[in-house]
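If you want the building blocks of each chain, they are given just below.
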Amino acid sequence: MIWPDLFSDRLSSWNLLREQCQNLPARSALEHINAWWFRAPWQPYYLHWDDQITWPDPWQLLSDDIYCDLARGLGILYTITLLDRADLAPAELVLTQDNVNLVLVAKEKYILNWQADQIVNTITEVKIKQQYQQNQII
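Residues numbered from 1 in each chain as written. Predicted model: local features only at pLDDT ≥ 70, side-chain atom pairs only at ≥ 80, totals over all residues. Heavy atoms only, no water.

Counted at 1.5 Å a residue, the expected span for helix H2 (residues 26-38) with its 13 residues is 18 Å, and the 18 Å between its end C-alpha atoms agrees. Every buried residue of H2 is accounted for by Ala26, Ala29, Leu30, Ile33, Asn34, Trp36 and Trp37. Along the axis of H2, the buried positions cluster into a sector of 165 degrees, meaning they face one direction only. Taken together, the buried residues of H2 touch helix H1 (7-21), helix H3 (58-64), helix H4 (69-83), strand E2 (101-105), strand E3 (110-115) and strand E4 (118-120). (Helix = DSSP H or I, 4+ residues; strand = E, 2+ residues; numbered from the N terminus. Expected span 1.5 Å × (residues − 1). Buried < 20%, exposed > 50% of the residue type's maximum accessible area, 1.4 Å probe, protein only. Arc of directions from axis to C-beta. Contact = heavy atoms within 4.5 Å.)

Ranked by internal contacts, the top residues of the largest apolar core, which has 36 residues, are Trp37, Ile80, Leu93, Val105 and Leu112. At the level of elements, H1, H2, H3, H4, strand E1 (91-96), E2 and E3 are the ones that each hand at least two residues to this core. Top element by residues in this core is H4. It accounts for 8 residues. Residues contacting Ile80, with those up to four places away along its chain left out, are Leu30, Ile33, Leu88, Ala91, Val103, Val105, Leu112 and Gln134. Val94, Leu102, Leu104 and Val126 belong to the second largest nonpolar core, which has 5 residues in total. (Core = buried A, V, L, I, M, F, W, Y, C linked by side-chain atoms within 4.5 Å.)

Turning our attention to the sheet that holds E3. The 5 strands lie next to each other as E4-E3-E2-E1-E5, forming an open sheet whose pairing is antiparallel. At either end of the open sheet lies a strand with only one pairing partner, and these are E4 and strand E5 (128-133). Averaged over all pairs of adjacent strands, the angle between strand axes in this sheet comes to 35 degrees, irrespective of strand direction. Bridging between E2 and E3 involves 3 bridges; their strand directions are antiparallel. (Pairing = 2+ DSSP bridges. Axes fitted to C-alpha atoms, helices over the stretch in contact; angles between N-to-C directions.)

Quick look at a nonpolar patch on the surface now. A contiguous nonpolar surface patch, about 280 Å² in accessible area, is contributed by Phe7, Trp59 and Leu82. Within the secondary structure, Phe7 is located in helix H1. (Patch = residues over 30% accessible without salt bridge, like charges linked within 9 Å, V, L, I, M, F, W, Y side chains within 5 Å. Areas by Shrake-Rupley, 256 points an atom, 1.4 Å probe, with all protein chains shown as cover. Salt bridge = Lys/Arg side-chain N within 4 Å of Asp/Glu carboxyl O.)

What follows is about the pattern of salt bridges. Applying the stated criterion across every chain yields a total of 4 salt bridges. Residue Arg72 pairs with Asp69 through a salt bridge whose shortest N-O separation is 3.0 Å. Pair noted here: Arg72 and Asp69 are both in helix H4, with a separation of 3 residues, about one helical turn. By relative accessible area, which is 8% here, Arg72 ends up buried. Put simply, Arg85 and Asp87 hold a salt bridge, and the shortest N to O gap is 2.7 Å. What makes Asp87 partly exposed here is its relative accessible area of 38%.

Shown next, in the form of structure tokens:
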């Protein structure tokens, strides 16, 4: 599927994603969310961790239509948060010690924003440098 060019089409597509994921099993919902955001056109250095105060809300993010790894992770976190599912919590956006932006769900049970075609399920501890949690959005 191609990334929508128009803002209104992106909003509709994002709404449809959330509707589709509302009743899917947790892993399937996360796979759909991760794959949807990996369709976004990638550009380097749109957002930075030091500028959290200026990060866009989900609608502005879709309007700006610029997605670095951090912006894509933020979009993933917004999507999970707006689903408001207990089985997809807690979720947080993290910057690892290796400077990789990941979304951790259910206490690192699932790791998103790593690869387009899969979510990672690992027992390896992620070494966190910075984090942005769901409760900071609400």
